[in-house]
Each structure stands twice: as structure tokens, then as C-alpha cells.
Amino acid sequence: MDKNLLDKIKQLREITGAPIGKCKEALEKTNGDLEKAQEYLRKIGESLLEKKKDSSAGKGIVEGYVHFNGRVGALIELRSETDFVSKSDDFKKLAHEIALQVATMNPLYISKEQIPKEILKEKELSLGQDLEKWLEEVCLLEQSYIKNSSLKIKDLISEFVNKFGEKIEVRKMARLSIDE
């Protein structure tokens, strides 16, 4: 293996936290393109999440974020399959980032599936093609990540699914604010 490939594997691993073997595979599949390799790893995470959709995410943590002025805060319940993952620093960082997203962007639902059918039908009729834009505003998983607008929250979670190799899901969320 040449030094250039080893350096790129190391760099991709630092960026994504994915296992070395997956980083090597991603770089080989994308002819050494780091950006495309990151996208490849995200897709692997999405497919792993799809395979594990029926797995039980019975472990997890509750994470909170309170804005510096004390006027906005959020709590989320983030679940994983094992205590090993849910107790890791990376999992806690992911939970914190999602809580920050909830506090900042104030989503109404975690996912499209949580929207009551009658509301979704009404929005489909009234918004037509703008429905996707509305979903990106009101669904946490569809929102652009506030720290990297090229990622949606579901993509961020997929990166961690790929890293840990197990299901991760946001089970509950709440946002509180003091309005004047």
C-alpha cells in the first residue's frame, strides 16, 4: 500500500471516525477522492441503518442543551443498541449536537412518519411542490445540520451508524424557550 493511500485513509478516518477497513474501501471505490469517499461512507451508514431498522435500540442517553442566555433549551433522547455505544464520548457528542440543532431550529417532528396523516395531506394539497421544503423545516431528520449545511441530520446520524455499526435513533425531543 502506498504512502499516499495510507495518508488518505488516516485523514478519512479522522474526519469520519469510520473503521480503517471501511475508509480503505471507500477510497478505493472513489479513486482516492476524499469528498466522494465521505459520501460513500454516509451511504453505507444509511444502508446499515435500513438493515437494522427492526433492531431494538434499547440503550441510550438523554442530552440537553441550554443556550448561553438561558432563554432557549432542548432535551433529546438518543438511543443505540448497546451500552458500549451509548456510553461512548462520540455518542454523547452526537447527542449534544442534535440537542443544539433542536434548540436552534425548533423542529416540530422528528421525522415525516411522525406527522399526523391529516396534517400531511393538508400540506400536500396546499403546498404542492413546496412540501419538501416544508418537511426540511419541520422534521429534525430532514433539516440541514447547522454546523455543515451540506449534511442533513439524518446524514449526520448515518455517519455515526457507520462508525458504530449499530442502530441509532432519536426517540424523543423537546424544546423550551422564554419569549418576550
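As the structure is a computational prediction, the values presented were derived from the model and not from experiment.

Asker: Outline the overall build of the protein, supporting the account with residue identities and numerical values.
Answerer: Each helix and strand counted, the protein has eight helices and five strands in total. Taken from the N to the C terminus, the helices and strands of the protein come in the order α-α-α-β-β-α-α-α-α-β-β-α-β. Projected onto the principal axes, the alpha-carbon positions of the protein cover approximately 60 × 35 × 35 Å. Residue burial in the protein is summarised as follows: out of 180 residues, 40% are buried. Intrachain contacts of the protein at a sequence separation of at least 6 include 57% that bridge at least 24 residues. If you sum the accessible surface of the protein, you get close to 10,800 Å²; carbon and sulfur atoms cover 50% of it. The centroid of the 32 positive side-chain charges in the protein is displaced by 3 Å from the centroid of its 33 negative side-chain charges.

Asker: Any details on the environment of V72? Residues and values, ideally.
Answerer: Within the fold, V72 resides in strand β2 (residues 72-80). Those residues in contact with V72, other than ones at most four positions away along the chain, are Y65, V66, H67, A103, R175, L176 and S177.

So, how was this worked out
- All chains use their own residue numbering, which begins from 1 and follows the written sequence.
- Totals for whole chains, interfaces and linings use all residues, but because this is a predicted model, local features are given only for residues with pLDDT of at least 70 and pairs of side-chain atoms are given and counted only at 80 or more.
- To get the side-chain values, all heavy atoms of the structure are used, and hydrogens and water are removed first.
- Put simply, DSSP H or I for four residues or longer makes a helix, DSSP E for two residues or longer makes a strand, and each gets a number counted from the N terminus.
- Burial status follows relative accessibility: with a 1.4 Å probe on protein chains alone, a residue under 20% of its type maximum counts as buried, one over 50% as exposed, and anything between as partly exposed.
- Every residue pair with non-hydrogen atoms within 4.5 Å of one another is taken to be in contact.
- For accessible areas, the Shrake-Rupley method is used with a probe of radius 1.4 Å. Any residue's cover is judged against the shown protein chains and nothing else.
- When charges are counted, Lys and Arg contribute as positive and Asp and Glu as negative, whereas His and the chain ends are disregarded.
- To locate a charge, take atom NZ for lysine, CZ for arginine, CG for aspartate or CD for glutamate.

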